[in-house]
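Reading the structure
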Amino acid sequence: MITEDFAAYAARLRIGFPSEIPAEELQGMLESFMSGLAMDCLEAGTRLIGHIKCLVEGGDEIIACSVTDHDARVRCRGRFTAPRSQLDVIVNVLQYGLKKNELVRIVDACGKRSFPSQTSISIEDLEIEEKELIRLS
Amino acid sequence: MDMIVIAGFLGSGKTTLILNSVGQITERTGKKVAMIVNDFGNIGIDGKVMEKYGLKVQELPRGCICCTLGPSFLDTVRTIHDMYDPDLVIVEPSGIADPDSILATMEHYRGRPLGKINTVILLDAVRFPLLVQAMKIPMTKQLHSADMVLLTKTDEVDEDRLKDMEAFVKSVIGDKPIIPVSSTSGHNLDVFVGRLVGA
């Protein structure tokens, strides 16, 4: 179901906290981030959320969260069980209505907003590698 | 080796359904099951989740097996067939895939002969009104390729919603099976597995 207004963005967020964050707070931040992505997309003009999903790995834990509904409700499989000082979050945003550059902006803004102010966040566009493969020069 | 394609729009519950039903398929039939998971993103989230929960998965990220990844898909099916020789391979395409195109791709399969290929289409009960409004034509096309339709997330909707959905789906697929399921509560998963593998 690819229509003309379909756009997707895949990114990896490397998040470093100034100190260890308790598991429950991490869970809340991650869910707030995911819910925020959906709400920001809708506010910016997304016609239809396809699937906004993320994955956090580390140790024995794996937390996968997703949003599909326009009420921005987050469903998660797995929860944080231990405090952490850093997170590696892979996020996929698949939606209809916004262009990719708007999705890039939303992920960036929402990442900064959802985690504490002293947090360092770097965002890697996971599609760049694919683009390099078709570079002609 | 039989093949089951479990397709449905983005977020319709494909991964959750598979996670919650593959165990039943194995227990009830003793069949050796392999998985092919196709994710649109560069890093396959769904495949990683399935592996974490103990399933053997071959991932095909970065595109859609119904178009750009078609040749890779055929290679993957042949490799799984030759190396692992499962009784059943379950294919989870990305939520943007056109199942008809996957079936058309399989016509070019040149490996050892396959058994049956069945297509199961999932339809999200929570978002049904929104999807009908926004995606009616592609959604109808997707339903046309179904051997069986599952109405998913039924624990979150009322009976009237299910009746509306059943009427809509029936108008597209006729007398083929329509099963309301909830992967979360387990409602009708046994019925689904029974219809799927005849056990």
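Residues numbered from 1 in each chain as written. Chains lettered and ligands numbered in written order. Predicted model: local features only at pLDDT ≥ 70, side-chain atom pairs only at ≥ 80, totals over all residues. Heavy atoms only, no water.

1. Topic: the confidence of the model for chain B
Applied cut-off: One confidence number per residue, pLDDT, is output by the predictor and ranges from 0 to 100.
Chain-level statistics for chain B give a pLDDT mean of 90 and a share of 97% at 70 or above. The complex prediction reports pTM at 0.89, with the ipTM value standing at 0.86.

2. So, the interface of chain B and chain A
Just so we agree on the cut-off: Working rule for contacts: check all heavy atoms of both residues, and any pair within 4.5 Å makes them a contact. Every case where a carboxyl oxygen of Asp or Glu lies within 4 Å of a side-chain nitrogen of Lys or Arg is listed as a salt bridge. Here a polar contact is taken to be a pair of N or O atoms separated by no more than 3.5 Å, where protein atoms must pair a possible hydrogen donor with a possible acceptor and residues adjacent in sequence count only if both atoms sit in side chains. Each helix corresponds to a stretch of at least 4 residues labelled H or I by DSSP, and each strand to a stretch of at least 2 residues labelled E; elements are numbered beginning at the N terminus. Each residue receives one of three labels: charged for Asp, Glu, Lys and Arg, nonpolar for Ala, Val, Leu, Ile, Met, Phe, Trp, Tyr, Cys and Pro, and polar for the others, Gly being one of them.
Contacts between the two partners involve 32 residues from chain B, matched on the other side by 36 residues from chain A. Between chain B and chain A we count 3 salt bridges in total. Applying the counting criterion to the chain B and chain A interface returns 8 residue pairs in polar contact (both at pLDDT 80 or more). Those elements that provide at least two residues to the side of chain B that touches chain A are α1 (14-29), α2 (45-52) and α5 (128-144) of chain B. Considering only residue class, the side of chain B that touches chain A consists of 17 nonpolar, 6 polar and 9 charged.

3. Remarks on helix α4 (residues 99-106) of chain B
Residues and elements named next belong to chain B. Basically, it comes down to this: Buried residues are those whose accessible area, probed at 1.4 Å on protein chains only, stays under 20% of the maximum for their type, while exposed residues exceed 50% and partly exposed ones sit between those limits. Directions are taken from the helix axis to each C-beta atom, and the arc is the one they span.
Listing the buried residues of α4 in full gives P99, I102, T105 and M106. The arc that holds the buried residues of α4, viewed along the axis, is 115°, so those residues lie on one side. Packing partners of the buried residues in α4 comprise β1 (2-8), α3 (70-83), β5 (117-124) and α5. For α4, the capping residue at the N-terminal end is D98, with a side-chain oxygen 3.1 Å from the backbone nitrogen of D100.

4. Description of the state of the cysteines
Residue and element names in this part refer to chain A. We apply this condition: The disulfide criterion used throughout: a pair of cysteine sulfur atoms within 2.5 Å.
Using the criterion set out here, one finds 1 disulfide over all chains in the structure. For C65, the disulfide goes to C76, at an S-S distance of 2.1 Å. The sign of the S-S torsion, about 105°, decides the handedness of the disulfide formed by C65 and C76: right-handed. Placement of the pair is C65 in strand β3 (residues 61-67) and C76 in strand β4 (residues 75-77), with a sequence separation of 11 residues. Among the residues examined, C76 registers a relative accessible area of 29% and is labelled partly exposed. Note on C54: no disulfide assigned, nearest cysteine sulfur contributed by C65 at a separation of 4.6 Å.

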